Amino acid sequence: MERPKEEKEYSFNDSKKINRRLLLGSVAASAVIALVKTTTGQFVPAAVAKPASAPPDPTKVQGPPPGAVGTRSPFEQLAKKTSDTSSRTPLQSLYGTITPSDLHFERHHGGVPVIDPTAYKLVIHGMVKKPMTFTLNDLKRFPSVSRIAFLECSGNFRSGKQEMTPQEICGLTSQSEWTGVMLSTLFREVGASPKATWFLAEGSDAAVMTRSIPMGKGWNDAMIAYGQNGEALRPQQGYPARLFLPGWEGNTNVKWIRRIEVSDQPFMTREETSKYTENIKDGKIRQFSFDMDARSIITFPAYPVQLDKGWVEIKGLAWSGRGKILRVEVSVDAGKKWYPATLQEPVLDKAHTRFRFLWKWNGNETEIMSRAIDETGYTQPTLQQLIDARGTDMGGYHLNPITAWIIKRDGSVLFKPEKWK
Ligand SMILES: Nc1nc2c(c(=O)[nH]1)N[C@H]1C(S)=C(S)[C@@H](COP(=O)(O)O)O[C@H]1N2
Ligand SMILES: [Mo]
């Protein structure tokens with residue numbers, strides 16, 4: 001029997017022919033498919049290339065064959081915004097609530113280490129009956145759990161100029177489905193002492209990052225995560241395993257974790273004494289500010305969108321480290337009146353939640369903004385309320401102010417930058 005025609009056409013040799021035809025041919029001269037040689041000597045299309053001019057009628061040309069890995073459409077130019085210390089998620093370009101793994105924000109204090117998963121070990125010792133060393137395979141043999149939750153850096157607020165996108169203002173938050181083993185499972189395995197109150201988490205990067213975490217969080221919902229959105233963690237997210245603490249400041253989610261020491265006091269590491277503390281009033285300093293407070297931002301319309309008069313669906317993201325988002329309110333008159341926005345399911349615990357609000361813009365200059373209210377009753381504050389509570393010298397951590405966009409008469413949308421120091 002003859003093989004079905006389609007199958008034959010997708011063989012490697014033919015795909016090379018197709019490619020050459022595309023390269024040399026007339027109509028499709030610009031639709032070049034980059035072929036990459038794999039370790040097994042096969043050629044696979046690296047990506048569907050963006051044509052230099054209008055693409056040909058797709059029903060008239062043979063497309064590239066199936067690839068070993070999928071690719072993003074060349075028409076979707078998604079990228080993180082990078083600096084020396086971090087890279088930020090393009091919040092304004094995403095749908096739903098899961099951040100594609102390659103767009104998860106990054107924050108490394110000593111770069112991204114290369115860790116051989118077969119050599120990986122996690123040691124748990126200190127106030128335990130039986131100190132133990134777990135390989136990656138050991139961790140995977142325990143019952144696994146998956147949970148969708150956000151991860152946010154506590155330094156996630158930037159301001160300064162009107163030409164700033166949501167990504168630039170607060171792109172240090174991302175969401176994944178994390179898979180791993182509950183830390184409570186490992187605590188039971190090693191026989192963690194009921195008298196223990198804190199544990200130390202230590203990373204195996206050049207920064208050897210360490211944080212002290214209350215045992216309560218460890219027993220409650222802490223995970224040792226090895227999976228992210230269905231595959232192994234990305235190296236940038238802590239491959240092969242990281243501590244994941246739902247709702248807690250990014251810094252405590254120690255990546256490339258290699259050691260947990262159980263104790264009855266905090267370890268007072270650099271990251272919780274000199275760093276990651278906040279000035280509050282009267283010369284006092286707040287330490288161990290673990291929870292990420294409720295926050296929201298309108299991601300559309302936002303700079304650099306050009307708005308047309310008429311119906312606008314205001315859209316955005318809201319999240320809280322203390323639980324579910326209960327409500328999001330939107331103002332379209334610079335904060336005088338507030339209206340409830342519609343929350344888009346799923347509304348999950350400690351997770352990015354979508355909201356939308358239908359608004360008819362009459363063409364006058366105005367300011368639009370959103371505020372999140374979480375299930376504890378906490379309401380996202382204005383920057384002034386933060387300053388009133390913590391003073392002008394509060395530093396750059398745990399700033400979650402209401403973010404306003406100025407809509408100009410010409411339809412341009414600008415960030416309303418606010419100063420706090
Ligand atoms: N070992 C280690 N863990 C770390 C860091 C680090 O530099 N080294 N950075 C922390 C900080 S400040 C943040 S905000 C988060 C960022 O996680 P991500 O890069 O996966 O987004 O990881 C935390 N865990
Ligand atoms: Mo961070």
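Bear in mind the structure is a predicted one, so any value in this text is a computation, not a measurement.

How each quantity is defined
- Residues numbered from 1 in each chain as written.
- Chains lettered and ligands numbered in written order.
- Predicted model: local features only at pLDDT ≥ 70, side-chain atom pairs only at ≥ 80, totals over all residues.
- Heavy atoms only, no water.
- Near = heavy atom within 4 Å.
- Polar contact = N/O pair within 3.5 Å; in protein donor to acceptor, adjacent residues only side chain to side chain.
- Areas by Shrake-Rupley, 256 points an atom, 1.4 Å probe, with all protein chains shown as cover.
- Nonpolar A, V, L, I, M, F, W, Y, C, P; charged D, E, K, R; others polar.
- Buried < 20%, exposed > 50% of the residue type's maximum accessible area, 1.4 Å probe, protein only.
- Helix = DSSP H or I, 4+ residues; strand = E, 2+ residues; numbered from the N terminus.
- Salt bridge = Lys/Arg side-chain N within 4 Å of Asp/Glu carboxyl O.

In the vicinity of ligand 1, 21 residues are found, and the nearest of them are Phe105, His109, Asp205, Arg242 and Lys255. Here an oxygen atom of ligand 1 and a backbone polar atom of His109 are 2.7 Å apart. Protein burial of ligand 1: of its 540 Å² of free accessible surface, 100% is covered by the chains. Per-class residue counts for the shell around ligand 1 are seven nonpolar, nine polar and five charged.

With six of eight residues buried, helix α5 (residues 183-190) lies mostly within the body of the structure. Residues of α5 that are buried include every one of Leu183, Ser184, Thr185, Leu186, Phe187 and Val190, and no others. Phi turns positive, to about 70 degrees, at Gly191, one or two residues after α5.

To continue, consider the pattern of salt bridges. Applying the stated criterion to the full structure yields 26 salt bridges. The salt bridge partner of Lys81 is Glu168, with a shortest N-O separation of 3.5 Å. In this pair, Lys81 is assigned in strand β3 (residues 81-82) and Glu168 in helix α4 (residues 166-170), connecting sequence segments 87 residues apart. A relative accessible area of 16% means that Glu168 is categorised as buried. Where Arg322 meets Asp293, a salt bridge forms, and the shortest distance between an N and an O atom there is 2.5 Å. One end of the pair, Arg322, is in the loop between β19 (310-319) and β20 (325-331); the other, Asp293, is in the loop between β17 (285-286) and β18 (295-300), and 29 residues separate them in sequence. For Arg322, a relative accessible area of 33% gives the class partly exposed. When salt bridges that share partners are traced, they join Arg147, Lys217, Asp221, Asp349 and Lys350 into one network.

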